[in-house]
Amino acid sequence: MNCQEIANLKDAYLDGELDPVTSQKVERHLRECGKCEQAYEVEAVMAHAISQAAPYYKASIELRERIQRSLRETTGAPTNRSTAGKDSVPVRRPEAARRSVLFEIPWNWLALAAAIVLVALIASSLLPRLQQPGADQFLATQLIASHVRSLMADHLMDVASSDQHTVKPWLDAKLDFAAPVTDLAGEGFALIGGRLDYLDNHSVAALVYQRRKHFINLFIWPTTSGAAKAQKVVTREGYHLVHWTDADFNYWAVSDVSEGDLQTFKSLFEGQVLHR
């Protein structure tokens, strides 16, 4: 499904009106598309807020009686005086009904206004939190695509070497920053080379490590002021991504190894860099 199809089906999915197969397709797209997921989350919050705040009114006696009378006429059920007298409920005078409506109208508008204000407050506090993960999700998609492309296009390395003193000078000559390079073969993560890549609108260094039969791409580029320092762990499409920063660089490690192996790699690499 594409984003336009999801937009057309979103309301029906939110109300539980789709068949199981279509619902599964919608759910799969929402897991894979950060933009549609954000839109769905906002709409779900709004629907919940309105359902909680909007007033609920029981049908009036007159309305119920009119519906019952209409149903009897449609089905041909007897409507003689004895039946009507037995089943009917006394009808309020028109004046009383009009007075009731006049008193109810202001409360209807007040409840609607309260619901709108509540939705606005929730959206204003929720949207900023939703927008930042969207940027991370977009970058994660780029990182996975670059990792997969390097494996499929047989372009895993521009410089193939297990010697960090060969890989680092090659990268330093091609980039406007000096990325740290370290070999972790003794700990089970062998450096096998490096290459240039392009992510997040700038050139990056990509170090390539091997863990048994799996490859790890470690993308490195200079950090910016105000960048988030907390470690991030993302799992998408069967790949694990670990992100961390230090005073100088952003690091994203991407691989299909287990999350535990990738966390171990991150700790080992970070430890080697800190002790230099």
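Everything here concerns the structure above.
Report follows, based on the coordinates. In this convention, every chain numbers its residues from 1, walking through the sequence in written order. Two thresholds apply to this predicted model, a pLDDT of at least 70 for residue-level local features and 80 or more for giving and counting side-chain atom pairs, whereas whole-chain, interface and lining totals are computed over all residues. Hydrogens are left out, water is left out, and the side-chain values use all remaining heavy atoms of the structure.

Things to note about the overall build of the protein
A tally of helices and strands in the protein yields 8 helices and 7 strands. Across the protein, contacts joining residues at least 24 apart in sequence account for 59% of those joining residues at least 6 apart. Reported accessibility uses the Shrake-Rupley method at a 1.4 Å probe radius. Residues are deemed covered only where the shown protein chains occlude them. Surface exposure of the protein reaches about 16,900 Å², of which carbon and sulfur atoms provide 57%. The helix count covers DSSP runs of H or I at least four residues long, the strand count covers runs of E at least two residues long, and both are numbered beginning at the N terminus. Contact criterion: two residues are considered in contact whenever any of their non-hydrogen atoms come within 4.5 Å of each other.

Let's talk about the nonpolar core
Definition used in this section: a nonpolar core is a set of buried Ala, Val, Leu, Ile, Met, Phe, Trp, Tyr and Cys residues joined via side-chain atoms within 4.5 Å. Type-normalised accessible area, obtained with a 1.4 Å probe on protein chains alone, sets the label of each residue: buried when under 20%, exposed when over 50%, and partly exposed for intermediate values. In terms of nonpolar packing, the biggest core is built from 41 residues, with Leu207, Leu218, Phe219, Phe265 and Phe269 touching the most fellow members. Those elements that place two or more of their residues in this core are α6 (94-152), α7 (164-174), β2 (190-199), β3 (202-211), β4 (214-222), β6 (239-245), β7 (249-255) and α8 (259-274). Ignoring anything within four residues of it in the chain, the contact list for Phe265 reads Leu184, Phe189, Tyr209, Ile216, Leu218 and Ala253. Counting 9 residues, the second largest nonpolar core, distinct from the first, contains Ile6, Leu18, Leu30 and Tyr40.

A look at the packing of helix α1 (residues 3-14) against helix α2 (residues 20-32)
Axis separation between α1 and α2 bottoms out at 10 Å; the angle between their running directions is 120°. Considered as vectors, α1 and α2 are oriented oblique to each other. Crossing of α1 against α2: the hand is left-handed. For the pair α1 and α2, contact is made by Cys3, Ile6, Leu9 and Tyr13 and by Thr22, Ser23, Val26, Glu27, His29 and Leu30, respectively. Convention adopted: a line fitted to C-alpha atoms gives each axis, helices being fitted over their contacting stretch, and angles between N-to-C directions are expressed from 0 to 180 degrees. Angles below 35 degrees are treated as roughly parallel, those above 145 as roughly antiparallel, those between 65 and 115 as roughly perpendicular, and all remaining angles as oblique. Here a crossing is called left-handed whenever its near helix is offset anticlockwise from the far helix by less than a right angle, and right-handed whenever the offset is clockwise.

Concerning the side chain of Asp197
Among the structural elements, Asp197 can be located in strand β2. Judged by its relative accessible area of 14%, Asp197 is buried. In protein, a polar contact requires one atom able to donate a hydrogen and another able to accept it; more generally it is a pair of N or O atoms within 3.5 Å, and residues adjacent in sequence count only if both atoms are side-chain atoms. Polar side-chain contacts of Asp197 include one of 2.5 Å to the side chain of Ser146. A polar atom in the side chain of Asp197 sits 3.2 Å from the side chain of Arg195. When residues no more than four places from it in sequence are discounted, the contact partners of Asp197 are Ser146, His202, Ser203, Val204 and Phe219.

Details of the sheet that holds β2
By definition, the strands of a sheet pair up through backbone hydrogen bonds, in either a parallel or an antiparallel sense. A pair of strands is considered paired only if DSSP assigns at least 2 bridges between the two. In spatial order, the strands read β1-β2-β3-β4-β7-β6-β5; together these 7 strands make up an open sheet with antiparallel pairing. The open sheet has two edge strands with one neighbour each: β1 (159-160) and β5 (232-236). Relative to β2, β1 is paired through 2 bridges, and the arrangement is antiparallel. Looking at β2, one finds that Val159 is bridged to Gly194. Packing of α8 onto the sheet brings it into contact with β3, β4, β5, β6 and β7, and relative to β6 it is tilted by some 25°.

Describing the pattern of salt bridges
The salt bridge criterion pairs a side-chain nitrogen of Lys or Arg with a carboxyl oxygen of Asp or Glu, the two atoms within 4 Å. On inspection of all chains with the given rule, the structure shows 6 salt bridges. Between Arg212 and Asp261 there is a salt bridge whose closest N-O contact spans 3.0 Å. Taken together, the residues Arg212 in the loop between β3 and β4 and Asp261 in helix α8 connect sequence positions 49 residues apart. As a salt-bridge pair, Glu270 and Lys266 come within 2.9 Å of each other at their nearest N and O atoms. Of the two residues, Glu270 and Lys266 both sit in helix α8, 4 residues apart, roughly one turn of that helix. Note on Glu270: relative accessible area 24%, which makes it partly exposed.

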